[in-house]
Amino acid sequence: MRSEEKIMEGEKKPSALSDVGAWAMNVISSVGIIMANKQLMSPNGYAFSFATTLTGFHFAVTALVGMVSNATGYSSSKHVPLWELLWFSIVANMSITGMNLSLMLNSVGFYQISKLSMIPVVCLMEWILHNKRYSREVKLSVVVVVIGVGVCTVTDVKVNAKGFLCACIAVLSTSLQQISIGSLQKKYSIGSFELLSKTAPIQALSLLLLGPFIDYYLTGKSIANYKMSSAATIFIILSCSLAVFCNVSQYLCIGRFSAVSFQVLGHMKTVCVLTLGWLLFDSQLTFKNIMGMIIAIIGMIIYSWAMEIEKQSNTKITPHSKNSLTEEELRLLQEGVEKTAAKDIELGESKG
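Counting starts from 1 at the beginning of each chain's written sequence and moves along it residue by residue. In view of the model being predicted, local features appear only for residues whose pLDDT reaches at least 70, and side-chain atom pairs are presented and counted only at 80 or more, with totals across whole chains, interfaces and linings using the full set of residues. The side-chain figures draw on all heavy atoms in the structure; neither hydrogens nor water molecules are used.

Draft legend 1. Structural view of the overall build of the protein. Secondary structure assignment for the protein yields 13 helices and zero strands. Ordered by position from N to C terminus, the α and β elements of the protein give α-α-α-α-α-α-α-α-α-α-α-α-α. Only protein chains enter the area calculation, which uses a 1.4 Å probe; residues under 20% of their type maximum are buried, those over 50% are exposed, and those in between are partly exposed. Counting over 352 residues, the protein shows a buried share of 41%. Two residues qualify as a contact provided that any one of their heavy atoms is within 4.5 Å of a heavy atom in the partner residue. Taking the contacts inside the protein whose residues are at least 6 apart along the sequence as the reference set, 86% of them involve residues at least 24 apart. Element-wise, carbon and sulfur atoms account for 68% of the exposed surface of the protein, whose accessible area totals about 20200 Å². Helix numbering and strand numbering both begin at the N terminus, where a helix is a DSSP run of H or I of at least 4 residues and a strand a DSSP run of E of at least 2. Surface accessibility in these figures is a Shrake-Rupley result with a 1.4 Å probe; residues are shielded only by whichever protein chains are displayed.

Okay, here's the thing in structure tokens:
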């Protein structure tokens, strides 16, 4: 028994370690890409203000990495219907475009509120689509995180009809995209990197074709007129490299956990960005920001505690439920008994 327990503990540790690794990769790459893009896109930096086209570059590099991985045999390719991949890519691109339009048409304060609303929207969608229910502790922690990040980031709140519509499209499409990542992985038993390598080429092609027009509408500037410098090229390559890790880790995290967990713990990135902005870019960090970050971190701690309680309660329920055979197991067992009995009769007749 002791040896079995040691084996089970050894199996759990790598899983827990890989979970932490996936979160760490997502947080580090996300914060890194924000810092790189800030230097690349800001007027004080290299003024490359073509966000949608840049996202197209990100997915193009991700698609290239996926193709090389498949060609070298590092990853296998499972079948996923083309219509599902196209549907997912459309939703994902609507999320990217909607977020960019929301940021342009609304104030930063309302943009942050729309991002915060994704947590309750994801919860509602998972309840509608997958009949998923949440404990009181999880709901409480979500509220605390939303309040904390809201205190951190929300300042002036101005909205108009167009901006509100774009924000609604962005929130709904982003929430649906994140839920779809997990459901597609389970439905087709496909790994996170495999799914990403299938969707990235479609997203890259569509964003690179439509991106320059969307960016022109958003900024009034044409990418054809941008004077590319060697320093800007280096930062674009850096941004694309970080995007590969960011995309892979996002699919890994949602595949391992849930869209809600990804949203809640993802707000740790907001705290990191504010802190790094203060350390590296001399951004102001007020008492309001600090209090908001403390509240958000408390909410994340409560959320982790609540999820641990749910895991323990599920572990206690599982052994009891497995004592009774499912209908499928009973049917297979019955078929096995009938086949064994038939073989015994045949053997008995041949002996006689």
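Draft legend 2. Main features of unusual backbone geometry. Phi is positive for A47, which is not a glycine, with a value near 50°. Structurally, the position occupied by A47 is in the loop between α1 (2–41) and α2 (51–71). Given the relative accessible area of 31%, A47 is considered partly exposed.

Draft legend 3. Looking closely at a nonpolar patch on the surface. Two distance rules govern patches: like charges are joined within 9 Å, and nonpolar side chains (Val, Leu, Ile, Met, Phe, Trp, Tyr) within 5 Å, applied only to residues with over 30% relative accessible area and no salt bridge. Salt bridges are identified by distance alone: a Lys or Arg side-chain nitrogen within 4 Å of an Asp or Glu carboxyl oxygen. A cluster of nonpolar side chains, F287, I290, M291, I294 and I298, forms an exposed patch at the surface whose accessible area comes to about 460 Å². Relative to the assigned elements, F287 resides in helix α12 (residues 287–321). We classify F287 as exposed; its relative accessible area is 63%.

Draft legend 4. A look at the environment of L252. Take L252: it is sitting in helix α9 (residues 230–256). Taking the C-alpha atoms as reference points, L252 and W23, separated by 229 residues in sequence, lie 8.6 Å from one another.

Draft legend 5. Region of the structure containing helix α5 (residues 118–130). Helix length check: α5, at 13 residues, gives a terminal C-alpha distance of 17 Å against a target of 18 Å (1.5 Å per residue), a fit within 8%. Taken together, the buried positions of α5 are occupied by M118, I119, V121, V122, C123, M125 and E126. Phi for N131, located one or two positions after α5, is positive at around 55°. One less than the residue count of a helix, multiplied by 1.5 Å, gives the span that helix is expected to have.

Draft legend 6. Representation of the packing of α5 against helix α7 (residues 161–187) in the model. For helices, the axis comes from a line fit to the C-alpha atoms of the stretch in contact; other axes are also lines fit to C-alpha atoms, and the angle between any two N-to-C directions lies between 0 and 180 degrees. One way to put it is that α5 packs onto α7 with a least axis distance of 9 Å and a crossing angle of 50°. Judged by the angle between their axes, α5 and α7 are oblique. Viewed along their axes, α5 and α7 form a crossing whose handedness is right-handed. When α5 is examined against α7, the residues M118, V121, V122, M125, E126, L129 and H130 are found in contact with a partner set consisting of V171, L172, T174, S175, L176, I179 and S183. Under this grouping Gly is polar, as are all residues other than the nonpolar Ala, Val, Leu, Ile, Met, Phe, Trp, Tyr, Cys and Pro and the charged Asp, Glu, Lys and Arg. Here the contact of α5 with α7 is composed, by residue class, of nine nonpolar, four polar and one charged. An angle counts as roughly parallel when it lies under 35 degrees, as roughly antiparallel when it exceeds 145, as roughly perpendicular when it falls between 65 and 115, and as oblique in every other case. With the far helix as reference, a near helix turned anticlockwise by less than a right angle produces a left-handed crossing, and one turned clockwise produces a right-handed crossing.

Draft legend 7. View of the UniProt feature "transmembrane region" (unreviewed entry) in the protein. UniProt positions are given in the numbering used here, feature names are shortened, and annotations may be inferred rather than shown by experiment. With numbering aligned to this structure, UniProt lists the feature "transmembrane region" (unreviewed entry) at residues 46–68, 80–103, 140–157, 231–252, 264–281 and 287–306. Annotation note: span residues 46–68, helix share 78%, strand share 0%, distance between end C-alpha atoms 31 Å.

Draft legend 8. Representation of the packing of helix α3 (residues 82–105) against helix α8 (residues 192–219). Direction vectors running N to C along α3 and α8 enclose 35°, while the axes themselves pass 9 Å from each other. You can see that α3 and α8 cross each other, and the crossing is right-handed. Contact with α3, carried on its side by L85, L86, F88, S89, A92, N93, I96, T97, N100, L101 and M104, involves L195, K198, T199, I202, Q203, S206, L207, I214, Y217 and L218 of α8 and no other residues of that element. The residue inventory of the contact of α3 with α8, partitioned by class, reads 13 nonpolar, seven polar and one charged.

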